[in-house]
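Residues per chain, in single letters:
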Amino acid sequence: MPSTLAAPSPSGAHPRTGAPRDPEHRSRLFRDLGPNWYASVMGTGIVATAAAGLPAHIPGLRTAATVVWALAAVWLVVLSAAWAVHWTRHRERARAHAGHPVMAHFWGAPAMALLTVGAGTLALGSDWIGPHTALAVAAALWSAGTVLGLVTWVWIPYRAMTDHRVSDDSAFGGWLMPVVPPMVSAATGAALVPHLAAGQARLTLLLACYAMFGMSLIASLVIIPQIWGRLVRHKTGPAAMVPTLWIVLGPLGQSVTAANLLGHAAPTALPRPYATGAEVFGYLYGVPTWGFAMMWLALAAALTLRTARNGLPFTLTWWSFTFPLGTCVTGTSALALRLHSAAFQGAALVLYAGLVTAWALVAVRTVRAGVRGTLFLPPVPAPRA
C-alpha cells in the first residue's frame, strides 16, 4: 500500500524552501490536483455547521461560524475552478485518479464538500444572504452533492472490485470515503424536509434520506471490520496513512446525526406511530453508536500519538482529523438536544474545542505546505500485484 498520497520530489523546487522556482513549474501545480483536496473544504465547513448546532449559546460564536462558512464556500469555488483547469489541461491524469488504489477513494470528498457547504448555507448563510437565497443555494448544493455521492458510491467500489490492485494489507480508512456521502445527504437533507410542500414531497424526501442512511451504514459495516482486521494482522502501516484511521468516525458520527435529525423531521411527513418510532430510533441507535465512536476516537488518538513519536509527515491525510471529528460533534449535539442531557452537552463542547484546535493546526500546515509547493505533487505509483 502506498505510504502517502504525494511523494516529495525536489524537481523544480527551491532547494531550501521547496517552493516553485520558475513559471513553468508553477503552471504545473494544476497537473496533479486530486479529489483529496476537497477534504479541506469538508474540514472547514464542518467547523461552521457544528458550531450552529451546539447545544449551548456562546456569545460571538455564530458570527465566527458564519465567517468560517464563508471561507469554506469561497474555498469551494476557488478549488473547483482550479480542478476545472486540471481537467481541461491534464484530462488523462484526472481520469487516472480513479484507477489509483488510494486516490480513487477520495472521489467521495467533492460530494461531501458540496453537502457540507450547503448545510452551512441553510444554517448560517441566511444571516448574510437572506433565507430565500440561502434555501435555494442549499437545495442546489444538496442536489448536486447527493447525485455525485450516489455515483461515487457505486463507481469507486466497482473500480476497486474490478481494476484496483489490492493486497491483504490494503484496507484503510479511505475506503469509507466513497460510501459515506449518502449518509451526509441523509443528515443534511433532514433540514430541507420541512421546506417542501406537505404531503408526498416531504414524504418522498424523508424516505429517500432514510434509504441513503441505510446505503451508507451497511456499506460502512462491511468496510470497518476490514480496517480493524488489517490493524490487528498488519498493524498501522506507513505513518502517512495513520490519520485516515480517523475517517472511521465519519460514518459513525454522521449516522448518529442523521438518525436524530431525521427523527426530528419525521413528524412533518409521517403519521403516528411511525413518526414516534423515528424519533425513538434516533435515541436507541444513537447512544450505542456514539459509545463505539468514542472508543474508536480513543483508539485512533492513541495510534496517532504513538506514530507521531516516531515522525508523522504532513500530507493532506491530516484533514482526516477534522471532518470525522466534526460529525462526532454534530451527533453528540443532536443527542444532547434530543435527550436534554447535560452530559452530552458537555461532551459536545469538549469535542468541538478539539475540532477547532485540529482544524487550526491542519489549516496552517496546509497553507505552509501549499506555499512551498509540496502538496502539488503526483500520487505515488500503484503497488504491483
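Not measured: the values here are computed from a predicted model.

### A closer look at a nonpolar patch on the surface
And step 1. Residues Trp 228, Val 232, Phe 292, Met 295 and Leu 299 make up a contiguous nonpolar surface patch of about 400 Å² in total accessible area.
And step 2. Counting residues per element, the ones that place at least two in the nonpolar patch are helix 8 (200-234) and helix 10 (274-308).
And step 3. When you line up the elements, Met 295 lands in helix 10.

### With respect to the packing of aromatic side chains
And step 1. Scanning the model with the defined rule gives 17 aromatic pairs in all.
And step 2. On the numbers, 6.3 Å between centres and 65° between planes, the contact of Trp 37 with Trp 75 is edge-to-face. You can see Trp 37 sitting in the loop between helix 1 (23-27) and helix 2 (39-52) and its partner Trp 75 sitting in helix 3 (residues 61-89), a full 38 residues away along the chain.
And step 3. Judged by relative accessible area, Trp 37 falls into the buried class, the value being 5%.
And step 4. Seen in terms of ring centroids, Trp 246 and Phe 321 are 5.3 Å apart; in terms of plane orientation they differ by 85°. Their pairing is edge-to-face. You can see Trp 246 sitting in the loop between helix 8 and helix 9 (249-265) and its partner Phe 321 sitting in the loop between helix 10 and helix 11 (323-339), a full 75 residues away along the chain.
And step 5. The buried category is assigned to Phe 321, whose relative accessible area is 12%.
And step 6. Through pairs of rings, three or more aromatic residues link up here, namely Tyr 38, Trp 83, Trp 87, Trp 107 and Trp 155.

### Here we look at helix 8
And step 1. Along its 35 residues, helix 8 runs 50 Å from first to last C-alpha, staying within 8% of the 51 Å computed at 1.5 Å per residue.
And step 2. With its phi angle positive at about 65°, Lys 235 sits one or two positions after the end of helix 8.

### Topic: the nonpolar core
And step 1. Of all hydrophobic cores here, the largest spans 114 residues; its most connected members are Tyr 38, Val 117, Leu 176, Phe 213, Ile 227, Tyr 352 and Leu 355.
And step 2. Contact partners of Val 117, with chain neighbours within four places excluded, come to Val 41, Trp 69, Ala 72, Ala 73, Leu 76 and Leu 141.

### Details of the environment of Trp 319
And step 1. Its place among the elements puts Trp 319 in the loop between helix 10 and helix 11.
And step 2. Taking the C-alpha atoms as reference, Trp 319 lies 17 Å from Thr 330; in sequence the two are 11 residues apart.
And step 3. Excluding residues within four positions of it along the chain, Trp 319 makes contact with Ala 39, Ser 40, Gly 43, Thr 44, Pro 324, Trp 359, Val 362, Ala 363 and Thr 366.

### Section: the confidence of the model for the protein chain
And step 1. For the protein chain, the mean per-residue pLDDT works out to 91, and 90% of the residues sit at or above 70.
And step 2. Per-residue pLDDT stays below 50 along residues 1-25; that stretch engages in 58 contacts with residues further than four places along the chain or on separate chains.
And step 3. Here residues 381-385 scores under 50 on pLDDT; set against residues more than four positions off or in separate chains, the count is 9 contacts.

### Let's talk about the side chain of Thr 116
And step 1. In this structure, Thr 116 sits in helix 5 (residues 108-129).
And step 2. Judged by its relative accessible area of 4%, Thr 116 is buried.
And step 3. Among all residues touching Thr 116, those that are not within four sequence positions of it are Met 42, Gly 45, Ile 46, Thr 49 and Phe 323.

### Section: the packing of helix 2 against helix 12 (residues 342-372)
And step 1. Running from N to C, helix 2 and helix 12 cross one another at 155°; their axes reach a closest spacing of 10 Å. One way to sum up the angle between helix 2 and helix 12 is to call them roughly antiparallel. By crossing handedness, the relation of helix 2 to helix 12 is classed as left-handed. Residues Gly 43, Thr 44, Ile 46, Val 47, Ala 50 and Ala 51 of helix 2 touch helix 12, and the partners they reach there are Tyr 352, Leu 355, Val 356 and Trp 359.
And step 2. Here the contact of helix 2 with helix 12 is composed, by residue class, of 8 nonpolar, 2 polar and no charged.

### Observations regarding the pattern of salt bridges
And step 1. In total, this model carries 7 salt bridges according to the counting rule given.
And step 2. Between Arg 62 and Asp 127 there is a salt bridge; the shortest N-O distance is 2.6 Å. Of the two residues, Arg 62 is situated in helix 3 and Asp 127 in helix 5; the sequence distance between them amounts to 65 residues.
And step 3. A salt bridge links Glu 92 to Arg 95, with the shortest nitrogen-to-oxygen separation between them at 3.6 Å. Taken together, the residues span about one helical turn, with Glu 92 and Arg 95 both in helix 4 (residues 91-96) at a distance of 3 residues.
And step 4. Three or more residues joined by partner-sharing salt bridges are found here, namely Arg 31, Asp 32 and Arg 93.

### As for the packing of helix 8 against helix 9
And step 1. Relative orientation of the contacting elements helix 8 and helix 9 amounts to 160°, with a least axis distance of 11 Å. Comparing the axis directions of helix 8 and helix 9 gives the class roughly antiparallel. Classified by chirality, the crossing of helix 9 by helix 8 is left-handed. Here Leu 206, Cys 209, Tyr 210, Phe 213, Ser 220 and Ile 224 of helix 8 come into contact with helix 9, specifically with Pro 251, Leu 252, Ser 255, Ala 258, Ala 259, Leu 262 and Gly 263.
And step 2. Of the residues belonging to the contact of helix 8 with helix 9, the class tally is 10 nonpolar, 3 polar and no charged.

### Structural notes on unusual backbone geometry
And step 1. Geometrically, the link from Arg 272 to Pro 273 is a cis peptide bond, its omega value of 15° lying close to zero.
And step 2. Within the secondary structure, Pro 273 is located in the loop between helix 9 and helix 10.
And step 3. Unusually for a residue other than glycine, His 340 sits at a positive phi of about 55°.
And step 4. Along the polypeptide, His 340 turns up in the loop between helix 11 and helix 12.

Basis of the calculations
Residues numbered from 1 in each chain as written. Predicted model: local features only at pLDDT ≥ 70, side-chain atom pairs only at ≥ 80, totals over all residues. Heavy atoms only, no water. Patch = residues over 30% accessible without salt bridge, like charges linked within 9 Å, V, L, I, M, F, W, Y side chains within 5 Å. Areas by Shrake-Rupley, 256 points an atom, 1.4 Å probe, with all protein chains shown as cover. Salt bridge = Lys/Arg side-chain N within 4 Å of Asp/Glu carboxyl O. Helix = DSSP H or I, 4+ residues; strand = E, 2+ residues; numbered from the N terminus. Phe/Tyr/Trp six-rings, centres within 6.5 Å; stacked < 30°, edge-to-face > 60°. Buried < 20%, exposed > 50% of the residue type's maximum accessible area, 1.4 Å probe, protein only. Expected span 1.5 Å × (residues − 1). Core = buried A, V, L, I, M, F, W, Y, C linked by side-chain atoms within 4.5 Å. Contact = heavy atoms within 4.5 Å. pLDDT = per-residue confidence, 0-100. Axes fitted to C-alpha atoms, helices over the stretch in contact; angles between N-to-C directions. Parallel < 35°, antiparallel > 145°, perpendicular 65-115°, else oblique. Left-handed = near helix turned anticlockwise from the far one by under 90°. Nonpolar A, V, L, I, M, F, W, Y, C, P; charged D, E, K, R; others polar.

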